[in-house]
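# An overview of the molecular structure
Residue strings, one per chain:
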Amino acid sequence: MTFPLSGVRSFRNLWKCSPYFGPSPGHSYFFLTDYCGVRNQQRWFSLKRMSPQSTKATNLPIAKARYLRKGEEGSIKQMSFDSHLFAAGAAKRRSQMNPQSKDHVLSPVKNSSIQLPEKPLDSKEWDKLKEDFQGKANFENWISSQMARCHSPIDVAKSLLAWVAAKNNGIVGYNLLVRYLYLCVFHKQTSEVIDVYEIMRARYKRLESGGYSLLIRGLMHSDRWREAVMLLEDIKKVMTPSVKNYNDCIQGALLHQDVNTAWNLYQELLGHDLIPMLETLKAFFDFGKDIKDDHYSNKLLDILLYLRNNQLYPGESFAHSIKTWFESVPGKQWKGQFTTIQKSGQCSSCGKTIESIHLSPEEYEFLKGRIIRDVIDGGDQYKKTTPQELKRFENFVKSCPPFDIVIDGLNVAKMFPKARESQVLLDVVSQLAKQNLQLLVLGRKHMLTQRFRWRKDEMENVQKQASCFFADDISEDDPFLLYATLNSGNHCKFITKDLMRDHKACLRDIKTQRLFFKWQQGHQLAIINRFPGSKITFQHILTYDTVVQTTGDSWHIPYDEDLVERYSYEVPTKWLCLHQKT
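Let us look at the structure shown here. None of these values were measured; they are calculated from a predicted model.

### Section: the overall build of the protein chain
Helices and strands together make up the secondary structure of the protein chain, namely 25 helices and 10 strands. Among the 582 residues that make up the protein chain, the fraction classed as buried is 51%. The contacts in the protein chain between residues at least 6 apart in sequence include a share of 73% that link residues at least 24 apart.

### Digging into the sheet that holds strand β8 (residues 549-550)
Taking strand neighbours across the sheet as the criterion, the 4 strands line up as β1-β10-β9-β8 in an open arrangement whose pairing is antiparallel. The outermost strands of the open sheet, each flanked by one partner alone, are β1 (334-339) and β8. Here 6 bridges tie strand β9 (residues 554-559) to strand β10 (residues 574-580), and the two strands are oriented antiparallel to one another. Bridge pairing in β10 places P558 opposite W575. Packing against the sheet, helix α17 (residues 316-328) makes contact with β1, β9 and β10, and its axis sits at approximately 155 degrees to β1.

### Description of helix α8 (residues 154-167)
With 14 residues, α8 extends 20 Å between its outermost C-alpha atoms, agreeing within 8% with the 20 Å of an ideal straight helix rising 1.5 Å per residue. Counting buried positions along α8 gives 11 out of 14 residues, so the element sits mostly inside the fold. Within α8 the residues assigned to the buried category are I154, V156, A157, K158, S159, L160, L161, A162, W163, V164 and A165. Two residues or fewer after α8 comes N169, characterised by a positive phi angle close to 55 degrees.

### A closer look at the pairing of strand β4 (residues 467-471)
For β4, a buried count of 5 out of 5 residues is recorded, marking the element as mostly surrounded by other parts of the structure. Burial of β4 is two-sided: the residues S467, F469 and A471 facing one way and the residues C468 and F470 facing the other way are all buried. Following the backbone out of strand β3 (residues 439-444), through helix α22 (residues 456-465) and into the adjacent parallel β4, one traces a crossover that is right-handed.

### Some words on the packing of helix α14 (residues 259-271) against helix α15 (residues 278-288)
At a minimum axis separation of 12 Å, α14 and α15 run at an interaxial angle of 155 degrees. By the angle between their directions, the pair α14 and α15 is classed as roughly antiparallel. Between α14 and α15 lies a crossing of left-handed hand. For the pair α14 and α15, the contacting residues are V259, A262, W263 and Y266 in the first and L281, F284 and F287 in the second. For the contact of α14 with α15, a count of residues per class yields 7 nonpolar, no polar and no charged.

### A short note on the nonpolar core
Residues W126, I143, M200, F284, L304 and I322 are the most contacted members of the largest nonpolar core, which totals 86 residues. The element contributing the most residues to this core is helix α9 (residues 174-186), with 10 residues. Contacts of I143, omitting those with residues within four sequence positions, involve I114, L116, W126, L129 and L160.

### Side note on the packing of aromatic side chains
Enumeration over the complete set of coordinates arrives at 27 aromatic pairs. Ring centres 6.3 Å apart and planes at 25 degrees place the aromatic pair F393 and F396 in the stacked group. One end of the pair is F393 and the other is F396, both in helix α19 (residues 387-398) and 3 residues apart, which spans about a single turn. Accessibility expressed as a relative area gives 0% for F393, which makes it buried.

### A few points about the environment of T496
Relative to the elements of secondary structure, T496 occurs in the loop between β5 (493-495) and α24 (501-506). With 81 residues separating them along the chain, T496 and M415 place their C-alpha atoms 9.2 Å apart. Beyond its immediate sequence surroundings of up to four residues, T496 is in contact with D408, N411, M415, L481, Q524 and L525. Looking at T496, its side chain comes within polar contact range of the side chain of N411, at 3.2 Å.

### Re the pairing of β10
Two faces, one strand: in a regular strand the side chains alternate between the faces of the sheet. Extensive coverage of β10 is indicated by the burial of 5 of its 7 residues. Alignment of β1 against β10, held across 6 bridges, turns out to be antiparallel. Bridging from a neighbouring strand, W334 pairs with Q580 of β10.

### Details of the packing of helix α6 (residues 123-132) against helix α7 (residues 139-149)
At a minimum axis separation of 11 Å, α6 and α7 run at an interaxial angle of 100 degrees. With respect to α7, the axis of α6 lies roughly perpendicular. Along the contact surface, α6 presents W126, L129 and K130, while α7 presents F139, E140, I143 and M147. Grouping the constituent residues of the contact of α6 with α7 by class yields 5 nonpolar, no polar and 2 charged.

### Focus on the sheet that holds β4
The 6 strands are arranged β4-β3-β2-β5-β6-β7 in an open sheet whose pairing can be described as mixed. Every other strand in the sheet has two partners, leaving β4 and β7 (537-539) as the edge strands with one partner each. Strand-to-strand, the axes of this sheet are offset by a mean angle of 30 degrees, without reference to chain direction. Across the face of the sheet, helix α21 (residues 421-433) comes into contact with β2 (405-408), β3, β5, β6 (524-529) and β7 while running at roughly 165 degrees to β3.

### Observations regarding helix α13 (residues 243-255)
Residues three or four positions apart in an α-helix share a direction because the helix packs 3.6 residues into each turn. Counted at 1.5 Å a residue, the expected span for α13 with its 13 residues is 18 Å, and the 18 Å between its end C-alpha atoms agrees. When you tally the buried positions in α13, you get 10 out of 13 residues, the bulk of the element. Lining the buried residues of α13 we find α11 (209-219), α12 (225-236), α14 and α15. Immediately beyond the C-terminal end of α13, within one or two residues, lies Q257, with a positive phi of roughly 65 degrees.

What counts, and at which threshold
- Residues numbered from 1 in each chain as written.
- Predicted model: local features only at pLDDT ≥ 70, side-chain atom pairs only at ≥ 80, totals over all residues.
- Heavy atoms only, no water.
- Helix = DSSP H or I, 4+ residues; strand = E, 2+ residues; numbered from the N terminus.
- Buried < 20%, exposed > 50% of the residue type's maximum accessible area, 1.4 Å probe, protein only.
- Contact = heavy atoms within 4.5 Å.
- Pairing = 2+ DSSP bridges.
- Axes fitted to C-alpha atoms, helices over the stretch in contact; angles between N-to-C directions.
- Expected span 1.5 Å × (residues − 1).
- Right-handed = clockwise from strand over helix to strand, strands pointing away.
- Parallel < 35°, antiparallel > 145°, perpendicular 65-115°, else oblique.
- Left-handed = near helix turned anticlockwise from the far one by under 90°.
- Nonpolar A, V, L, I, M, F, W, Y, C, P; charged D, E, K, R; others polar.
- Core = buried A, V, L, I, M, F, W, Y, C linked by side-chain atoms within 4.5 Å.
- Phe/Tyr/Trp six-rings, centres within 6.5 Å; stacked < 30°, edge-to-face > 60°.
- Polar contact = N/O pair within 3.5 Å; in protein donor to acceptor, adjacent residues only side chain to side chain.

Dropping the structure here:
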């Protein structure tokens with residue numbers, strides 16, 4: 001028998017009339033994560049693609065995007081000269097210049113015997129498709145998973161549910177229903193979402209988190225959005241809602257002009273020590289364009305300070321929203337411009353100097369103590385370095401004057417694989433020694449043994465121009481490098497291509513991790529190139545701090561470009577400059 005359905009209401013009657021208050025259904029969340037969470041779609045029930053720290057603009061004019069990227073064309077090699085080690089996109093460019101592994105793509109789940117239907121099927125057609133299925137998995141689960149994964153049309157999924165219901169006395173299992181709900185949310189079929197919501201509310205006493213999240217997302221655009229907030233309350237009875245749950249409810253409240261509910265949910269989110277999604281914060285700015293209220297304006301300024309204190313960066317679309325809001329404030333005469341910061345730390349637009357990257361004396365001493373406690377003395381990854389050797393090194397450092405530059409000898413020597421390692425190290429040391437700098441080279445004892453890649457005469461020349469400490473071959477170099485650099489004072493720089501992410505992770509609190517990254521940006525030297533017989537080129541070190549900042553009559557906000565892939569240890573290179581006209 002065929003069950004052609006024009007809407008979910010058509011198969012609601014297939015359900016048994018008596019409600020079922022059994023245990024909360026499970027496992028659908030894992031399905032959605034595995035099959036709907038395509039890698040470049042960060043959130044498993046998201047309706048649009050987003051980067052971890054920026055909401056991509058879906059309606060920005062192409063001309064505006066071209067304007068923002070104007071002047072950035074050029075070869076990878078040239079861009080590497082112009083940017084600093086921690087510039088957004090630098091790691092991506094380095095990986096393209098030195099490919100080490102092939103990109104991994106999400107390979108589809110294959111079953112060569114069948115293809116997903118592109119139009120609704122009747123019962124006989126579904127029976128035939130099931131007969132052709134050669135997989136070991138349950139056919140209904142497999143086909144619904146693939147339909148959700150590939151975002152099949154709603155009417156095709158509806159015909160599957162009708163076929164399943166006809167075979168099971170009108171009952172459709174929870175997992176299949178959630179997958180259908182996912183498709184309804186994805187295709188923004190609000191009326192269908194409400195129908196599934198009514199079925200679930202009648203049949204289940206409680207849901208698992210994946211079902212709740214989908215219903216909240218689906219209801220936020222409807223006139224029943226307050227029921228999404230009620231579902232949020234249901235979640236809170238057993239667990240802390242996700243930032244995505246809060247985002248959906250806040251956006252629903254703003255969409256329906258309930259500002260107080262939106263702000264209350266935002267404060268509640270912060271009270272759980274959750275980091276709000278940037279699209280949540282953007283929504284407040286977008287809504288603020290129509291609000292002429294000082295109290296609301298102050299709350300938006302608090303959001304900018306929140307970005308600063310948590311070292312968060314808005315995306316390109318969010319930056320446009322901030323600019324638009326500032327320029328809409330009556331009587332303030334704010335003017336915004338997208339710009340860059342010069343190497344000197346001056347804004348290219350207004351000429352003001354950006355905050356220095358260098359730590360204050362108090363911050364420096366605080367960080368130094370934490371590094372010694374958590375990384376050098378307490379880091380588990382340094383078990384290969386014996387306490388006796390660390391003590392020997394500490395005594396060595398105390399016997400030397402403060403260093404200007406500490407060099408990770410083995411790391412630097414291996415930067416250019418085709419060159420002899422001792423020659424590379426000698427070239428670096430010789431060039432720096434000509435500047436009358438106090439140098440320390442850290443290495444391993446095997447570097448002193450004569451062999452093809454380590455010539456003894458070249459290493460002896462290195463030792464004549466720099467202080468050297470050679471640790472046991474099984475020892476780790478990094479604790480020595482950090483200790484020597486920090487112990488020498490705030491002026492001391494270090495050279496290594498190691499980005500120190502493991503060491504940052506050893507630090508126990510967010511404040512110390514941020515101070516470490518700030519110190520690292522202002523002290524780590526990177527070598528760009530080396531040509532025999534010519535000078536070695538170093539990448540410039542940042543002189544300014546890439547955080548949201550204000551002087552009262554100006555704001556400078558670093559932001560992520562939509563088309564630039566920025567890793568967590570990188571900082572944006574584009575800024576929004578806002579200043580009041582005089």
